[in-house]
Amino acid sequence: MPKPDPHPLSLDQIRALLDAAWDCWQSDPQECVRLSRLVLEQPLEEAELARATHYLGLGLMRQGEFIAAEPELRRALHLYGELADQEGQRLSLNALAGVQSRQARHVEALELFLQVRQLSVTLGHVQGEINALLNLGVVYGTMGDHPNALKHHLLVLGLSREHDLPFVERVALNNLSTTYYEMQLYEDALEAALACLNVPSVDDPMQNIIALQTVGQAYFGLKQFTQARAMYMEASELIERVGDQSESASLDLLLGQVAQQQGNLDEARHLFEQSMETFQKIGDEIGQVESLRHLGELLGMTGHVEDALSALHRARSLAEAGQIRNELCKVDLALSKLYRDSGRPQEALTHLEQHLQLNGELFNAASDQRLQSLRVQFELEQAERERLAAQRQNAELTELNARLEASNRDLTAAQTRTADLMARLEQHANEDALTGLPNRRAFDAALERVSPSQQISVVLCDIDHFKIVNDRFSHLVGDEVLRHVAALLRGQLHRGDLLARYGGEEFVLLLTGASEAATLELCENLRRATENHDWSTVRPGLSLTISLGAAVAQLNPGTLAVQDVVQAADDALYAAKNAGRNRVEVRQVKASAG
């Protein structure tokens, strides 16, 4: 772009510069920052001032200058608010949430992303709502809250298919793969990543790059380094065409790790140095620290101790200055190991202590953030419900005016809805989300209601070799097996019998008034139904059996309690499994002499 005239720019020239800044904020953030600052030197109308401030914040964020980016994005949010530009508010809120997340201020990020979602719903912006859900899942994953991360990624996956959004479907599958990778479920990570690649989509080089990197990451976790390198090289070809320096540096870092694992240490060193130089060029401090840490560890491993120390101390200085605490913790550990191996115990101890102290602080902060995130989500959702309820109530009052009777009916309906909500919350607290059965909490509550002189049977049921099902067919198939077993067991019960999921692959039944013979007959029916079920409908090649342990007793206050019967059933199940599985063992429990 030619050097602008020193005289004030026209409105069309200003808007052209802003359009150019928007187009390059991801691929060339330094240019985005330069153009935005150039515009900010001009006398501006409020709309152009908001855009320039917003784009400056985006460019600084992309460069990793999060502390500098935050006030710009807050100022942009304020300006968009004065303009009543809700779309501008949504975009600046989204960027501000990203800055908070990258600074490990995850609770604040959750608050902002929830606001982005609510604003998107208000605007009817489906894509904005989905993006907010995507980001919420990413933040939960960063916090180590993998169940919530999976929940949001699966929610996005469902929305993408509902609205026929293959682009979003690929992003959701990619995020699922990343979450499984962080949980060290590498087979599941690979399955999701390959599914991502197989989703038909428009030709989007950046999305294809990310998908290929995710497949490579899953192969890396499985220690299939040749396949990982092939995926990364395919991504590298696309990056060269796109010209994205940030992605190029990230890929060099990944390729360096593969080369190191394959023993190609010179190549690994070259890639780490190249990655570091590119990150430095675009101003990405986190990338620089990570590249220097990998380089330092490699140099130490190859005997270049002083060079290794220089790289690691440089990484430490950058991490400390940028408050990149996660990387600082890793660098201190790497320095401790290097000093220890080079016979310098005092320096090794110093850095180990720093690592342990920071690691403890990070752990405590993460635990606190998880608790706060639950509070934030509840409070924001409650506030939104109250806001919407108040909005509806005001509209109804305005419309109906003095019609008190109608208003009272609406109030009664609202109270009924609240009661229904409380009932549903109570149901969810006592229900296993996967199978729909009562959970352990509900079963324990049922035991407390049993009469102390009641005739009862307790049956414990365990799926045989369930771990093999998960390992061979994946955890998704394992979940489907649990649902099928629950349905099979439920279909064999009589009125008044209670079936619950006891935990893991175990189910439990509570029968009242059943004899030993009736209990044995029911258990055999359950065992045969499971063994004879056509499991190939779940996954070809799958077969399944269960083992059951039952205890029958006439309770007696003071000499035979319900917990004694549960223990006897557990002992019977243990005996059934020890006897070869796919069996039923029944115990008649007698009251002790009193």
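Below is a summary of the structure that appears in this document. (Residues numbered from 1 in each chain as written. Predicted model: local features only at pLDDT ≥ 70, side-chain atom pairs only at ≥ 80, totals over all residues. Heavy atoms only, no water.)

**A short note on helix α23 (residues 516-532)**
Put simply, the rule is: Numbered from the N terminus, helices here are DSSP runs of H or I no shorter than four residues, and strands are runs of E no shorter than two. An expected span of 1.5 Å times one less than the residue number is assigned to each helix. Three exposure classes are used, based on accessible area relative to the maximum for each residue type with a 1.4 Å probe and protein chains only: buried under 20%, partly exposed in between, and exposed over 50%. Arc, as used here, means the arc of the directions from the helix axis to the C-beta atoms. Should any heavy atoms of two residues lie within 4.5 Å, those residues are considered in contact.
Its 17 residues place the ends of α23 24 Å apart at the C-alpha level, agreeing with the 24 Å of an ideal helix rising 1.5 Å per residue. Among the residues of α23, those classed as buried are Thr519, Leu522, Cys523, Leu526, Arg527, Ala529 and Thr530. Angularly, the buried residues of α23 cover 165° about the axis, an arc narrow enough to put them on a single face. Away from its buried face, by an angle of more than 90 degrees, α23 presents the exposed residues Ala517, Glu521 and Asn532. On its buried face, α23 sits against β1 (455-463), α22 (475-491), β3 (506-512), β4 (546-554) and β5 (584-589).

**Thoughts on the packing of helix α14 (residues 265-282) against helix α15 (residues 285-301)**
Note the following rule: Fitted lines through C-alpha atoms give the axes, limited to the stretch in contact for helices. The angle between two N-to-C directions lies from 0 to 180 degrees. Here the word oblique covers every angle except those under 35 degrees (roughly parallel), over 145 (roughly antiparallel) and from 65 to 115 (roughly perpendicular). By definition, any crossing whose near helix is turned counterclockwise from its far helix by less than a right angle is left-handed, and any crossing with a clockwise turn is right-handed. In the scheme used here, Gly and all other residues not listed as nonpolar or charged are polar, with Ala, Val, Leu, Ile, Met, Phe, Trp, Tyr, Cys and Pro taken as nonpolar and Asp, Glu, Lys and Arg as charged.
At their nearest, the axes of α14 and α15 sit 8 Å apart, and the two run at 155° to each other. Considered as vectors, α14 and α15 are oriented roughly antiparallel to each other. As for the relative orientation of α14 and α15, their crossing is left-handed in sense. In this structure, α14 contributes Leu265, Ala268, Arg269, Phe272, Glu273, Ser275, Met276, Phe279 and Gln280 to the contact, and α15 contributes Gly287, Gln288, Ser291, Leu292, His294, Leu295, Leu298, Leu299 and Met301. Of the residues in the contact of α14 with α15, the class split is 10 nonpolar, 6 polar and 2 charged.

**Overview of the pairing of β3**
Convention followed: Any two strands are treated as partners once DSSP identifies two or more bridges connecting them.
Taken across its 7 residues, β3 has 5 buried, putting it largely inside the fold. Relative to β3, β1 runs antiparallel, the two being bridged by 7 bridges. Bridge pairing in β3 links valine 459 to leucine 509. Here strand β2 (residues 498-503) runs beside β3; their pairing, made up of 5 bridges, is antiparallel. Residue pairing in the sheet places glycine 503 in a bridge with glutamate 506 of β3.

**What to know about the sheet that holds β2**
Taken together, the 5 strands give an open sheet; going across it, the order is β2-β3-β1-β4-β5, and neighbouring strands pair in mixed fashion. The open sheet is flanked by β2 and β5, the only strands paired with a single partner. The average undirected angle you get between the axes of adjacent strands in this sheet is 20°.

**Description of the packing of aromatic side chains**
Put simply, the rule is: A pair of Phe, Tyr and Trp rings is counted when the ring centres sit within 6.5 Å of each other, with Trp represented by its six-membered ring. The angle between the planes then sorts it: under 30 degrees is stacked, over 60 is edge-to-face, the rest tilted. Only lysine NZ and arginine CZ atoms are considered, and such an atom sits over a ring when it is within 6 Å of the ring centre and within 35 degrees of the ring normal.
Scanning the model with the defined rule gives 5 aromatic pairs in all. Ring geometry for phenylalanine 443 versus tyrosine 502: centroids 5.8 Å apart, planes at 90°, classification edge-to-face. With phenylalanine 443 in helix α20 (residues 440-449) and tyrosine 502 in strand β2, the pair connects residues that are 59 residues apart, well separated along the chain. For the pair shown, phenylalanine 443 and tyrosine 502 are each scored as buried. Ring pairing ties together the aromatic residues Trp22, Trp25 and Tyr55, which thus form one cluster. The residue whose ring lies beneath arginine 440 is tyrosine 502, and the NZ or CZ to ring-centre distance is 4.0 Å.

**Quick notes on the pattern of salt bridges**
Condition: Any carboxyl oxygen of Asp or Glu within 4 Å of a side-chain nitrogen of Lys or Arg constitutes a salt bridge here.
Applying the stated criterion to the full structure yields 29 salt bridges. With its nearest N and O atoms 3.0 Å apart, the salt bridge here joins glutamate 108 to arginine 105. Glutamate 108 sits in the partly exposed class, given a relative accessible area of 30%. Salt-bridge contacts for aspartate 444 lead to arginine 440; the nearest nitrogen and oxygen are separated by 3.6 Å. Here the residue aspartate 444 and the residue arginine 440 both occupy positions in helix α20, the gap between them amounting to 4 residues, near one helical turn. Residues joined in a network through salt bridges with shared partners are Glu70, Arg74, Arg105 and Glu108.

**As for the packing of helix α5 (residues 86-102) against helix α6 (residues 106-123)**
The geometry of α5 relative to α6 is characterised by a closest axis approach of 8 Å and an angle of 160° between their N-to-C directions. Compared by their axis directions, α5 and α6 come out roughly antiparallel. The handedness of the crossing between α5 and α6 comes out as left-handed. Where α5 abuts α6, its residues Gln86, Glu87, Gln89, Arg90, Leu93, Asn94, Leu96, Ala97, Gly98, Gln100 and Ser101 lie against His106, Glu108, Ala109, Leu112, Phe113, Gln115, Val116, Leu119, Ser120 and Leu123. Among the residues making up the contact of α5 with α6, the classes are represented as 9 nonpolar, 9 polar and 3 charged.

**Considering the side chain of aspartate 252**
Applicable threshold: By the counting rule applied here, Lys and Arg register as positive and Asp and Glu as negative, while His and the ends of each chain are not counted.
You can see aspartate 252 is positioned in helix α13 (residues 245-261). Within the buried core, aspartate 252 has no salt-bridge partner, and the shortest N-O distance to an opposite charge, that of arginine 229, equals 9.9 Å. Setting aside its immediate chain neighbours within four residues, aspartate 252 contacts Leu271, Gln274 and Ser275.

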